[in-house]
Amino acid sequence: SSSSSAGSEAAAAAEATAAAAVAPRTGKRPVMVAQTAPAVRVTIAEAFGMEPGSISTGHMVAALRKLGFDYVFDTNFSADLTIMEEATELLGRVKSGGPFPMFTSCCPGWINMVEKTYPELIPNLSSCKSPQQMLGAVVKSHFAASVGRHPSEVKFVSVMPCVAKKDEAARKEMHNEDLGGPDVDYVLTTRELASLIERARPRINFASLKEAEFDSPLGQSSGAALLFGVTGGVMEAALRTAVAVTAPADAPPMPKLDFTEVRGLDGVKEANIDVNGTELKVAIAHGGVHLRSLVEDILAGKRTYHFVEMMACRGGCIGGAGNPKDSVDEKLLQHRAQAIYKGDEASAIRMSHENKEIAQLYEQFFGEPNSHKAHKLLHTHYTPRKVHKSGEIDRFSEYSPEGP
Ligand code: SF4
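A quick note: this is a predicted structure, and the numbers were derived from the prediction, not measured.

**Q** Would you mind showing me how to read the overall build of the protein chain here?
**A** When helices and strands are tallied, the protein chain shows 14 helices and 12 strands. Compactness check: the protein chain gives a C-alpha radius of gyration of 21 Å against a globular reference of 22 Å for 404 residues, within 12% of the reference. In terms of its C-alpha atoms, the protein chain occupies a principal-axis envelope of roughly 60 × 60 × 55 Å. Expressed as a percentage of the 404 residues in the protein chain, the buried residues total 46%.

Structure, rendered in structure tokens:
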């Protein structure tokens, strides 16, 4: 129809504008692009002798540039994108009656546990890819096109507080043949990045680097996105947006941004949240032992919820095994968590849907949250896995409750 051709012309014009806005910085060699997870900026300074709880975003970005990355993007940007997709999915399930509880899906440690041990919960997992993978899909599609390169000529490297993110990036579900390969090519832990920076001394001296900023677009983020680094943070970020977008048009601005009931280091937390007249029952668990006990209670019908956040590491990603120091120390975790909450408070925008670069990405590329294109690039599916007696995991086999 003429309206759809007008629509596609508008989309082509928007693509052309995006292409003009981002000038290619490299010749024939691959374009090297990095992303850094929320927790990395909060813990990397510990590797260089600084106090736990220092936020060193500017130094971290500068170090990545000096190591040779052409572009440095922020996983916090795609944490905002995750909230747009996941809050829409949650509100959709509230409308259609389930399945409940909906579980978050950004922690591969938790996803592995479901696929191996609780495959009956697969329909309850959010279909959203994690922020690491969402940014990969955007970089290999929209960004690659905007710098005039084939996706296979863009190498995308993540820096994560997490060892399980390496396995997540290697999943076959995270390879897109149309885009010439994986969303994310390589994953470094925070500790591995710190050791690369250390090896580049004296050319790179982390503490005295001139601070740099993330590239834009794909670099702006909200305080809510930073919260992804700490237990309860994905929940809080999702609740902020869910409450704000369902408010009546004449409602005053959000009376409360801090959902303190979902914060803190208790193993399992729960709360009832009023989302403009709909009561949502939510829970948060972190650390393997608490994930298991909460799941067992849910399966036994002892607890019921609408939305549950699950993080395999104690404290969430600030407690991940890829961080510079041993993360089991309670004081250390508290310092890191405080840094996250301070960073959120200091942010110019504190809700994911207020991120202008996110709005622009929907306008130019995805259309709207949960659109067909968004589903193709930003969502995934899960596969039951069989664990053999030897302990070896048969990732792609049919699940058999009796075992092999
Ligand atoms: Fe990785 Fe741990 Fe964060 Fe899960 S909670 S994403 S395993 S660092």
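**Q** Any chance you could explain the site of the ligand here in plain terms?
**A** The immediate surroundings of the ligand are formed by 13 residues, with Cys 107, Gly 109, Cys 162, Cys 313 and Gly 320 found nearest. Counting only elements with at least two residues in the shell around the ligand, the list comes to α5 (108-117) and α7 (164-170). Residue classes in the shell around the ligand are distributed as 9 nonpolar, 3 polar and 1 charged.

**Q** Looking at this structure, I do not really get the environment of Leu 257. What am I missing?
**A** Mapped onto the elements of the fold, Leu 257 is located in the loop between α10 (233-245) and β8 (268-275). On the basis of neighbour count, Leu 257 is assigned to the partly exposed category, with 17 C-beta atoms found within 10 Å. Residues within four places of Leu 257 in sequence aside, it is in contact with Arg 240 and Arg 350.

**Q** Explanation requested: the nonpolar core in the structure shown.
**A** Where a protein is soluble and globular, its nonpolar side chains tend to be buried together. Counting residues in hydrophobic clusters, the biggest one holds 102 residues, and the most contacted among them are Phe 73, Val 139 and Ala 238. Element by element, the count of residues in this core is highest for helix α4 (residues 75-96), at 8 residues. Apart from residues no more than four positions distant in its own chain, Val 139 is found in contact with Val 33, Phe 73, Ala 144, Val 154 and Phe 156.

**Q** What am I meant to see in the pairing of strand β2 (residues 71-74) here?
**A** A regular strand places its side chains on the two faces of the sheet in alternate fashion. Residue alternation in β2 divides its side chains into two sets, Tyr 71 and Phe 73 and Val 72 and Asp 74, and both sets are buried. In this structure, strand β1 (residues 31-36) lies alongside β2, joined through 4 bridges in parallel fashion. If you follow Val 33 over to β2, its bridge partner there is Tyr 71.

**Q** Can you walk me through α10 in this structure?
**A** Think of an α-helix as turning once every 3.6 residues; residues three or four places apart then point the same way. For α10, spanning 13 residues, the distance from its first C-alpha to its last is 18 Å, which sits close to the expected 18 Å at 1.5 Å a residue. Packed against the buried residues of α10 are α4, α9 (223-226), β8, β9 (278-286) and β10 (307-311).

**Q** Help me understand the sheet that holds strand β3 (residues 102-103), please; the structure alone is not making it clear to me.
**A** The strands making up a sheet are joined through hydrogen bonds of the backbone, oriented either antiparallel or parallel. The mixed open sheet is built from 4 strands, whose spatial order is β3-β10-β9-β8. Two strands close off the open sheet at either side, each with one partner strand: β3 and β8. Against the sheet, α10 makes contact with β8, β9 and β10, and its axis sits at roughly 5° relative to β8, the strand it touches most. In the packing of helix α11 (residues 288-299) onto the sheet, the strands contacted are β8, β9 and β10, and the crossing angle to β9 comes to about 140°.

**Q** Just checking my understanding: could you explain unusual backbone geometry for this structure?
**A** In terms of backbone geometry, most residues other than glycine have negative phi values and most peptide bonds are trans. With omega at -10°, the peptide bond leading from Phe 100 into Pro 101 counts as cis. Residue Pro 217 follows Ser 216 across a cis peptide bond; omega there is -5°. Tracing the backbone shows Pro 217 in the loop between α8 (190-199) and α9. The residue Leu 218 is not glycine, and still its phi comes out positive at about 80°. Its place among the elements puts Leu 218 in the loop between α8 and α9. Its 27 C-beta neighbours within 10 Å are what place Leu 218 among the buried residues. We note that Asn 370 has phi near 65°; this positive angle belongs to a residue other than glycine. The topology assignment puts Asn 370 in the loop between α13 (356-366) and α14 (372-378).

Conventions we followed
Residues numbered from 1 in each chain as written. Predicted model: local features only at pLDDT ≥ 70, side-chain atom pairs only at ≥ 80, totals over all residues. Helix = DSSP H or I, 4+ residues; strand = E, 2+ residues; numbered from the N terminus. Rg over C-alpha atoms; globule rule 2.2 N^0.38 Å. Buried ≥ 20, exposed ≤ 12 C-beta atoms within 10 Å, placed from the backbone. Near = placed C-beta within 6 Å. Nonpolar A, V, L, I, M, F, W, Y, C, P; charged D, E, K, R; others polar. Contact = placed C-beta atoms within 7 Å. Core = buried A, V, L, I, M, F, W, Y, C linked by C-beta atoms within 7 Å. Pairing = 2+ DSSP bridges. Expected span 1.5 Å × (residues − 1). Axes fitted to C-alpha atoms, helices over the stretch in contact; angles between N-to-C directions.

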